[in-house]
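This is what each chain is made of:
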Amino acid sequence: MEVIKHKNVSWVDIRNPSERDLEFLKKEYGVHKDPLRELAIETATPKIDHFDNQLYAVIHFPVFNHEKRTSEGREVDMIITKSALITVRYDEIIPLEELHRTCTVSPVVKDECFSDTAAHLLFIILSHIYDYLMRELGHIKKNIDEIDSTLFRVKESQMVRKILEIRRDILNFRRTLAPQKQILESMAERGGELLGKRSHESFKDLIEAYNRVWCLLEYHKEAIEAIHETNNSLLSSRQNDTIQTLTILSVIAFYLTLIAAIFAVDAIYKPLIGWRYDFWAILGIMGVTVVILLGFFKWKKWW
């Protein structure tokens, strides 16, 4: 647990809260028993509730996992009162830790973050997180640009896995981010009631920051979908060419087999059979048949 107090505003940041931490929150900040009970374990779904003069919110933020090569949701629980902001997390949240560390060492940043109320501090924190998410989307853009530049130079089958990885990353990012708009709208409504009209305007600004992240994510989604469709078209075209080639070879093989079968018929009198150069004559007939078939296919533009 780390606590920063400045200008009558406190920021309590806790990672993996213990029973002692929860007891401290109850005694020092009068946190309601219901959110305290929920802070003990991680919550799978986002939510927002209010208890007395406190606002309790559970928000999940997408964080890119380099090992799994996809974004994963990380939970942050927040309790907002008029004079205190309590953040509880269960994993590393880089932008949250960065801002907390900066407030500790930089008086200028501390004055900016703690210049008004706990609602203003929450606004600064969430704004910083959304700026971080904009940077997080940079790795998706980089991967999309890389695929786009090599789309026509690499085999389509090799591109499929890369495209699917990016689509999964965007899907997980969207799935984590989508419920937040409702949470922010509820904060704007309930925050204005509990924390004052000025907080209502701050929460509306947060919705705009959220919309910027969401719009950029939608742009990346449309881009990778277009690339996926293009790659599928190229893959289908290559498969059609392969099937066409195999069909031509099968037709040629059919006629050559037919010629061989005709001369293999057990008849008393067979043309060419018994002639000194009968074998080479039959091969010549087969060769002429192949040339005629290829010419026919070329004329029909099948090959």
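This text follows the structure it describes.
What comes next is a walk through the structure.

Rules used in this analysis
Residues numbered from 1 in each chain as written. Predicted model: local features only at pLDDT ≥ 70, side-chain atom pairs only at ≥ 80, totals over all residues. Heavy atoms only, no water. Helix = DSSP H or I, 4+ residues; strand = E, 2+ residues; numbered from the N terminus. Rg over C-alpha atoms; globule rule 2.2 N^0.38 Å. Contact = heavy atoms within 4.5 Å. Areas by Shrake-Rupley, 256 points an atom, 1.4 Å probe, with all protein chains shown as cover. Lys, Arg positive; Asp, Glu negative; His and termini not counted. Charge placed at Lys NZ, Arg CZ, Asp CG, Glu CD. Polar contact = N/O pair within 3.5 Å; in protein donor to acceptor, adjacent residues only side chain to side chain. Phe/Tyr/Trp six-rings, centres within 6.5 Å; stacked < 30°, edge-to-face > 60°. Buried < 20%, exposed > 50% of the residue type's maximum accessible area, 1.4 Å probe, protein only. Core = buried A, V, L, I, M, F, W, Y, C linked by side-chain atoms within 4.5 Å. Pairing = 2+ DSSP bridges. Axes fitted to C-alpha atoms, helices over the stretch in contact; angles between N-to-C directions. Patch = residues over 30% accessible without salt bridge, like charges linked within 9 Å, V, L, I, M, F, W, Y side chains within 5 Å. Salt bridge = Lys/Arg side-chain N within 4 Å of Asp/Glu carboxyl O.

1. Details of the overall build of the chain
Reasoning step 1: From N to C terminus, the chain includes nine helices and six strands.
Reasoning step 2: Taking 2.2 N^0.38 as the reference for a compact globule, 303 residues should give roughly 19 Å; the C-alpha atoms of the chain span a radius of gyration of 34 Å, well beyond that estimate.
Reasoning step 3: Excluding contacts between residues fewer than 6 apart, the proportion of contacts in the chain whose partners are at least 24 apart in sequence is 64%.
Reasoning step 4: Roughly 17,600 Å² of accessible area belongs to the chain as shown, and the carbon and sulfur atoms make up 55% of that amount.
Reasoning step 5: One finds the centroid of the 40 positive side-chain charges in the chain at a distance of 5 Å from the centroid of its 43 negative side-chain charges.

2. Focus on the side chain of Asp13
Reasoning step 1: Turning to its location among the elements, Asp13 is positioned in strand S2 (residues 9-15).
Reasoning step 2: There is a polar contact of 2.7 Å between the side chain of Asp13 and the side chain of Thr87.
Reasoning step 3: One polar contact links Asp13 to Arg89, side chain to side chain, over a distance of 2.8 Å.
Reasoning step 4: What Asp13 contacts, discounting residues up to four positions off in sequence, is Met1, Glu2, Thr87, Arg89, Leu96 and His100.

3. Notes on the packing of aromatic side chains
Between two aromatic rings, the relevant description is the distance of the centres plus the angle of the planes.
Reasoning step 1: For the structure shown, the criterion picks out eight aromatic pairs.
Reasoning step 2: Aromatic pair Phe296 and Trp299: ring centres 6.2 Å apart, planes at 50°, arrangement tilted. Within this pair, Phe296 and its partner Trp299 are both found in helix H9 (residues 278-299), separated by three residues, close to a single helical turn.
Reasoning step 3: By relative accessible area, which is 63% here, Trp299 ends up exposed.
Reasoning step 4: An aromatic cluster is present here, built from Phe61, Tyr130, Tyr210 and Trp214 joined pairwise through their rings.

4. As for the nonpolar core
Reasoning step 1: Grouped together as the largest cluster of nonpolar side chains are 52 residues, with contacts concentrated most on Trp11, Leu126, Tyr130 and Met187.
Reasoning step 2: Breaking this core down by element, the ones donating at least two residues are S2, strand S4 (54-65), strand S5 (70-80), helix H3 (94-105), helix H5 (118-150), helix H6 (156-177), helix H7 (180-195) and helix H8 (197-263).
Reasoning step 3: With 14 residues, the single largest contributor to this core is H5.
Reasoning step 4: Once residues lying within four places of it in the same chain are set aside, the contact partners of Trp11 are Glu2, Val3, Ile4, Leu85, Thr87, Leu96, Leu99, His100, Cys103, Phe114, Leu121 and Ile125.
Reasoning step 5: Counting 16 residues, the second largest nonpolar core, distinct from the first, contains Leu25, Tyr29, Phe51 and Tyr90.

5. Looking at the pairing of strand S1 (residues 2-6)
Reasoning step 1: Of the pairings in the sheet, the one linking S1 to S2 comprises five bridges and is antiparallel in character. Across the sheet, residue Glu2 finds its bridge partner in S2, namely Asp13.
Reasoning step 2: Where S1 folds back on S2, the antiparallel hairpin that results is connected by two residues, among which Lys7 adopts a positive phi of roughly 55°.

6. Concerning the sheet that holds strand S3 (residues 47-51)
Reasoning step 1: Read across the sheet, six strands follow the order S1-S2-S6-S5-S4-S3 without closing on themselves; strand pairing throughout is mixed. Either end of the sheet is taken by a strand with one partner, and the two such strands are S1 and S3. Each strand axis lies, on average, 20° off the axis of its neighbour in the sheet, ignoring direction.
Reasoning step 2: Across eleven bridges, S4 lies against S5 in antiparallel orientation. When the bridges of S5 are listed, Phe64 appears paired with Ser71.
Reasoning step 3: Contacting S1, S2, S4 and strand S6 (84-89), helix H1 (residues 19-29) crosses the sheet at an angle of about 165° to S2.
Reasoning step 4: With respect to the sheet, H6 is in contact with S4 and S5, its orientation differing from that of S5 by roughly 15°.

7. Observations regarding the pairing of S2
Reasoning step 1: Taking burial as the measure, the seven residues of S2 include six buried ones, the bulk of the element.
Reasoning step 2: Pairing of S2 with S6, which is carried by six bridges, proceeds in the parallel orientation. The residue bridging Ser10 from the neighbouring strand is Ala84, located in S6.

8. Observations regarding a nonpolar patch on the surface
Reasoning step 1: Side chains of Leu272, Trp275, Tyr277, Phe279, Trp280, Leu283 and Ile285 sit close together on the surface and give an oily, nonpolar patch of about 730 Å² of accessible area.
Reasoning step 2: Secondary-structure assignment places Ile285 in helix H9.

9. A short note on the pattern of salt bridges
Reasoning step 1: Under the counting rule described, the total for this entry stands at eleven salt bridges.
Reasoning step 2: As a salt-bridge pair, Arg89 and Glu97 come within 2.7 Å of each other at their nearest N and O atoms. With respect to class, Arg89 is no different from Glu97; both count as buried.
Reasoning step 3: Residues Arg161 and Glu165 are paired through a salt bridge, measuring 3.6 Å at the closest nitrogen-oxygen approach. One end of the pair, Arg161, and the other, Glu165, are both in helix H6, four residues apart, so they sit about a helical turn from each other.

In short, the description is geometric, and any link to function would need to be established separately.
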